[in-house]
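Fold and geometry: a report
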Amino acid sequence: MKTAGYLANDTAAAYVRKEINLVRVKKNARCTAALVFPNRYCVGMSNLGMHTLYELLNRRPEIRCERFFFEPRKKELLGLESGRPLAAFDIVAFSVAYEPDYLNVAAILAHAGLRAAWRRRTTMPLILSGGAVTYSNVRPLAGISDIVVCGEGEPVLPQCLDLILEAAPLTSLRKKEALLDAVAAIPGIVVPGVTRADPQPLPAADIHAFNTVSRLITPLAEFRSTYLVELSRGCPRGCAFCVAGAAFGAYRPRRWENLIPALIEGLAYTRNIGLVAAAVSDYPQLPELCDWLRARQAAVSVSSLRVETVTRHLLEALVAGGQQTVTFAPEAGSESLRRRLRKDISDAAILEKIELARQCGIRRVKLYFMLGLPEETDADARAIAGFLRRAAAILPVRAAVGIFVPKPRTPFAAVPLASFKTVRVRTRALLHAVRAEPEITLTFARYPEAKLDWEFSQGGEGVILEGRCAG
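Read on for a plain summary of the structure.

What counts, and where the lines are drawn
- Residues numbered from 1 in each chain as written.
- Predicted model: local features only at pLDDT ≥ 70, side-chain atom pairs only at ≥ 80, totals over all residues.
- Heavy atoms only, no water.
- Helix = DSSP H or I, 4+ residues; strand = E, 2+ residues; numbered from the N terminus.
- Buried < 20%, exposed > 50% of the residue type's maximum accessible area, 1.4 Å probe, protein only.
- Contact = heavy atoms within 4.5 Å.
- Areas by Shrake-Rupley, 256 points an atom, 1.4 Å probe, with all protein chains shown as cover.
- Lys, Arg positive; Asp, Glu negative; His and termini not counted.
- Charge placed at Lys NZ, Arg CZ, Asp CG, Glu CD.
- Pairing = 2+ DSSP bridges.
- Axes fitted to C-alpha atoms, helices over the stretch in contact; angles between N-to-C directions.
- 1 Å grid on protein atoms, 1.4 Å probe; cavity = no way out; pocket = protein on both sides within 12 Å on 5 of 7 lines; lining within 4 Å.
- Points joined across faces, edges and corners; volume = space filled by probe spheres on them.
- Nonpolar A, V, L, I, M, F, W, Y, C, P; charged D, E, K, R; others polar.
- Phe/Tyr/Trp six-rings, centres within 6.5 Å; stacked < 30°, edge-to-face > 60°.
- Lys NZ or Arg CZ within 6 Å of the ring centre and 35° of its normal.
- Polar contact = N/O pair within 3.5 Å; in protein donor to acceptor, adjacent residues only side chain to side chain.
- Parallel < 35°, antiparallel > 145°, perpendicular 65-115°, else oblique.
- Left-handed = near helix turned anticlockwise from the far one by under 90°.

1. Some words on the overall build of the protein chain
- If you tally the helices and strands in the protein chain, you get 17 helices and 17 strands.
- Considering only C-alpha atoms, the protein chain reaches an extent of 70 × 50 × 40 Å along its principal axes.
- Within the protein chain, the proportion of its 471 residues that are buried is 55%.
- Of the contacts formed within the protein chain by residues at least 6 apart in sequence, a portion of 73% connects residues at least 24 apart.
- Accessible surface, the protein chain as shown: approximately 19,600 Å² in total, 51% of it carbon and sulfur.
- Averaging the positions of the 61 positive and the 46 negative side-chain charges in the protein chain gives two centres separated by 4 Å.

Structure follows, in structure tokens:
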């Protein structure tokens, strides 16, 4: 298992000094909550789920919430806001975005001296968990949690907190069991040992009732000094490999006029606005939003673009804001394999948008591909090289080549992970085919990490407890 490393108190103070806080931590509250992101600070502070939970918890006058992060090579596990140890909190809430971070969850619990298995804990702290991983498989977190929020937290977490505050402090096992019985009746909540079904992730019924935005801004996040704004949830595309289309619920775009108050607040702190969605260019009111932001001289960046819906208008807005790179995800090198993935985009359509990006002032393009896809052949893998050469004739290319990891709840859930030999042969062939191309830069995913991701995503309640797939 990975050696535990944590955010040292001196480093924590340096981080907090650089933050612009939109949520103020309370000094007097009768219940304390530790919000834990089991990855580095720069990753966690770029995650809107983390920001949302921080705001939801601190919104309660009775609750004081502090943040914890997993930092390699650090020796201490202390809250950013006060330096208190994790075990001193009444609630420990994990927000888990990536399956490989399960190892960090286990290390954090061990370092804090907390029993990992829910069956072995009797009273406080109460361990809650949730995050993007629950959309595909809730069972690994169920092995270590008293309560798991399956799907979106906004519809269910307030009800859960009401019951916790009524029952706190949990001074006896009987009191804790009564609380968990009550919480288990909330739709979208999994209580191990009480909840029998593996529920579908619960989407928020009215996405217009709230905004999902950055609650703290920092230059030390992956998106430096950027105010992130979520435009929509779900995905209208339905690609066969993607959890977003299969499990995130129906496509739900926000009305852009509802975003204006939040954008005004963000622009008071920074001119850097990051637009977040499964595919930003699918957002139906993007032209109006871009015009509004450009009129206020905002520097706009995006999380992802869909080739079919990228427009000159959007690209010009990105360039005006200082963006020099755009990212597309062909996923496969051949058109026939893309069709099998339900991502029916032609080479010509992608190259046309790369050319449009060049005309608008974009200086380079980043492309995402995967190896080991279902029904993939050696010829499909070689087609990536041919496509990269054509793209590099238009703009310099940075290509990230991942390894396809089948996920539960998707049409490819039962497909096995490609073998190491298959991935190695196709990786070497691709490298050989483009090694003499100066305008192409390639990065590759590591097979051991992809295998770990696959084992954990398919696993059962023993995954975090044992540090391996126990499905």
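Moving on from the coordinates now.
2. Describing the sheet that holds strand β12 (residues 272-276)
- Taken in spatial order, the 3 strands line up as β9-β12-β13 in an open sheet, and their pairing is parallel. Sheet topology places β9 (227-230) and β13 (299-302) at the edges, where each strand pairs with a single neighbour. Strand-to-strand twist in this sheet, taken as the mean axis angle between neighbours without regard to direction, amounts to 25°.
- Across 4 bridges, β12 lies against β13 in parallel orientation. What sits directly across from Gly274, in β13, is Ser301.

3. Describing empty space enclosed by the protein
- Applying the stated criterion across every chain yields a total of 2 cavities of 30 Å³ or more.
- Counted as a void, the largest cavity has a volume near 60 Å³.
- Secondary-structure elements contributing two or more residues to the lining of the largest cavity are β12 and β13.
- Among the elements that take part in the lining of the largest cavity, β12 stands out by supplying 3 residues, more than any other.
- Tallied by class, residues from the lining of the largest cavity come to 5 nonpolar, 3 polar and no charged.
- The calculated volume of the second largest cavity comes to roughly 40 Å³.
- Classifying every residue of the lining of the second largest cavity by side-chain character gives 6 nonpolar, 5 polar and no charged.

4. Concerning the pairing of β9
- Because side chains alternate across β9, one face comprises the buried residues Tyr227 and Val229, and the other comprises Leu228 and Glu230, equally buried.
- Of the strand pairs in this sheet, β9 and β12 are connected by 4 bridges, and their pairing is parallel. Considered in β12, the bridge of Leu228 is made with Gly274.

5. A short note on the sheet that holds strand β6 (residues 147-149)
- Strand order in the open sheet made by the 6 strands is β3-β2-β4-β5-β6-β7, with mixed pairing throughout. What marks the edges here is a single partner per strand, and that holds for β3 (63-69) and β7 (189-190).
- Looking at chain direction, strand β2 (residues 31-37) and β3 are connected through 7 bridges and run parallel. Bridging across to β3, Thr32 finds its partner in Arg64.
- Together, β5 (126-130), β6 and β7 form the strand contacts of helix α7 (residues 173-183), whose direction differs from that of β5 by roughly 25°.

6. Quick notes on the packing of aromatic side chains
- One pass over the full model with this rule turns up 7 aromatic pairs.
- Each ring, one from Phe369 and one from Phe387, has its centre 6.2 Å from the other, and the planes form 70°; the classification is edge-to-face. Here Phe369, found in strand β15 (residues 364-371), pairs with Phe387, found in helix α14 (residues 378-392); they are 18 residues apart in sequence, far enough to count as distant.
- With a relative accessible area of 1%, Phe387 lands in the buried category.
- Relative to Tyr447, the ring of Phe420 lies with its centre 5.4 Å away and its plane at 70°, an arrangement referred to as edge-to-face. In this pair, Phe420 sits in helix α15 (residues 420-434) while Tyr447 sits in helix α16 (residues 447-458), placing the two residues 27 residues apart along the sequence.
- With relative accessibility at 45%, the residue Phe420 sits in the partly exposed group.
- Members of the aromatic cluster, connected to one another through ring pairs, are Tyr15, Tyr41 and Phe69.
- Taking NZ or CZ as reference, Arg67 lies 5.1 Å from the ring centre of Tyr54, over its face.
- Over the aromatic face of Phe89 sits the side chain of Arg84, whose NZ or CZ is 4.7 Å from the ring centroid.

7. Comments concerning the side chain of Thr218
- Relative to the elements of secondary structure, Thr218 occurs in the loop between β8 (216-217) and β9.
- Separated by 3.5 Å, the side chains of Thr218 and Tyr41 make a polar contact.
- A distance of 3.0 Å separates a polar side-chain atom of Thr218 from the backbone nitrogen of Leu220.
- Filtering out sequence-adjacent residues up to four positions away, Thr218 remains in contact with Lys18, Glu19, Tyr41, Met45, Phe223, Arg224 and Ser225.

8. Examining the packing of helix α11 (residues 312-320) against helix α13 (residues 347-360)
- Relative to each other, α11 and α13 sit at 45°, their axes nearing to 9 Å. Considering the angle they form, α11 stands oblique to α13. At the point where α11 passes α13, the crossing takes the right-handed sense. Mapping the contact onto sequence places Arg312, Leu315, Glu316 and Val319 in α11 and Leu356, Ala357, Gln359 and Cys360 in α13.
- Residue classes in the contact of α11 with α13 are distributed as 5 nonpolar, 1 polar and 2 charged.

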